[in-house]
Amino acid sequence: MKPDNEELINDFLAHADDLGDDITEDVKEMLGTVPFIFTILRDRPDTFALSAIADYRISRPASLDPKTAELIAVAAAAGAGADSCLKVHMEAALKEGASRDEILDTLLIAAMIGKTRVLASSLRRFREVCDAEQASKK
């Protein structure tokens, strides 16, 4: 790394612990809770500050309103099977003005995509195996 860049990063990371406290407060305000993973990652202030700042900025892009961003997080958490994240982001979506129906529709869309992921690969294998089986009988 270039010495000037390393110096900038080191200056930034000198404030990592204080930043971590502020980030935790901001996330608690945004989500209504402090995610469990924060309690462990805070043991590494440098890593926590860099990771949490990136996540915070990603989760509230300028191009999306907070409600839409939270509904996307709900869909992603559902698709990933991240139950604790799903609960946090459903509550945050409600806090940002999402309705019960909007959250339910988001979950149904996520489930539909999950179903098609399973069907797309499994039906390809089905066709390969069963078509080969039928061809061998002819």
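Criteria and thresholds
- Residues numbered from 1 in each chain as written.
- Predicted model: local features only at pLDDT ≥ 70, side-chain atom pairs only at ≥ 80, totals over all residues.
- Heavy atoms only, no water.
- Axes fitted to C-alpha atoms, helices over the stretch in contact; angles between N-to-C directions.
- Helix = DSSP H or I, 4+ residues; strand = E, 2+ residues; numbered from the N terminus.
- Parallel < 35°, antiparallel > 145°, perpendicular 65-115°, else oblique.
- Contact = heavy atoms within 4.5 Å.
- Nonpolar A, V, L, I, M, F, W, Y, C, P; charged D, E, K, R; others polar.
- Core = buried A, V, L, I, M, F, W, Y, C linked by side-chain atoms within 4.5 Å.
- Buried < 20%, exposed > 50% of the residue type's maximum accessible area, 1.4 Å probe, protein only.
- Left-handed = near helix turned anticlockwise from the far one by under 90°.
- Salt bridge = Lys/Arg side-chain N within 4 Å of Asp/Glu carboxyl O.

Enquirer: Even after reading the chapter, I still don't get the packing of helix 2 (residues 16-31) against helix 6 (residues 83-95), so can you show me in this structure?
Expert: Each pair of packed helices can be summarised by the angle the axes make with each other and by the distance between the axes. Interaxial distance between helix 2 and helix 6 falls to 8 Å at its minimum, and their mutual angle equals 70 degrees. Classed by the angle they form, the pair helix 2 and helix 6 counts as roughly perpendicular. Two secondary-structure elements touch here, helix 2 through Glu29, Met30 and Leu31 and helix 6 through Val88, His89, Ala92 and Lys95. Along the lines of polarity and charge, the residues of the contact of helix 2 with helix 6 split into four nonpolar, one polar and two charged.

Enquirer: What should I look at first to understand the side chain of Thr24 in this one?
Expert: Looking at the secondary structure, you find Thr24 in helix 2. Once residues within four sequence positions are removed from consideration, Thr24 is found in contact with Val34, Phe38, Arg42 and Phe48.

Enquirer: Even after reading the chapter, I still don't get the nonpolar core, so can you show me in this structure?
Expert: In a soluble, globular protein the nonpolar side chains are often hidden away together inside. Counting residues in hydrophobic clusters, the biggest one holds nine residues: Ile23, Val27, Met30, Leu31, Phe38, Phe48, Ala52, Val88 and Ala92. Secondary structure elements with two or more residues in this core: helix 2, helix 4 (45-59) and helix 6. Sequence-distant contacts of Ile23, defined by excluding residues within four places in its chain, comprise Phe38, Phe48, Ala49, Ala52 and Ile53. By size, the runner-up hydrophobic cluster in this structure holds seven residues, among which are Leu71, Val74, Ala98 and Ile103.

Enquirer: Explain the environment of Leu64 here, please?
Expert: Counting through the fold element by element, Leu64 comes out in the loop between helix 4 and helix 5 (66-80). For Leu64, a relative accessible area of 33% corresponds to the partly exposed category. In sequence terms Leu64 and Asp46 are 18 residues apart; their C-alpha atoms lie 29 Å from each other. Those residues within four positions of Leu64 in sequence are excluded, and the remaining contacts are Ala69 and Ile72.

Enquirer: Could you clarify how one ought to interpret the packing of helix 5 against helix 7 (residues 100-137) in this entry?
Expert: The interhelical angle for the contact between helix 5 and helix 7, taken along N-to-C directions, is 40 degrees, at an axis separation of 9 Å. Between helix 5 and helix 7, the angle falls in the class oblique. In the crossing of helix 5 with helix 7, the sense of the turn from one axis to the other is right-handed. Every residue of helix 7 that contacts helix 5 at Lys67, Leu71, Val74, Ala75, Ala78 and Gly79 is listed here: Glu102, Ile103, Thr106, Leu107, Ala110 and Arg117. When the residues that make up the contact of helix 5 with helix 7 are grouped by side-chain class, the tally is seven nonpolar, two polar and three charged.

Enquirer: Any chance you could explain the environment of Val118 here in plain terms?
Expert: With respect to the helices and strands, Val118 occurs in helix 7. Residue classification places Val118 among the partly exposed residues on the basis of a relative accessible area of 45%. Val118 sits 71 residues away from Thr47 along the chain, and the two C-alpha atoms are 36 Å apart.

Enquirer: For this particular structure, what's the right way to read the pattern of salt bridges?
Expert: Side-chain pairs of opposite charge can arise whenever the charged atoms involved come near each other. With the rule as written, the count across this model stands at seven salt bridges. A salt bridge links Arg60 to Glu96, with the nearest nitrogen and oxygen atoms 3.6 Å apart. Residue Arg60 is found in the loop between helix 4 and helix 5, and its partner Glu96 is found in the loop between helix 6 and helix 7; the two are separated by 36 residues along the sequence. Sharing partners across several salt bridges, the network here consists of Asp17, Asp21 and Arg42.

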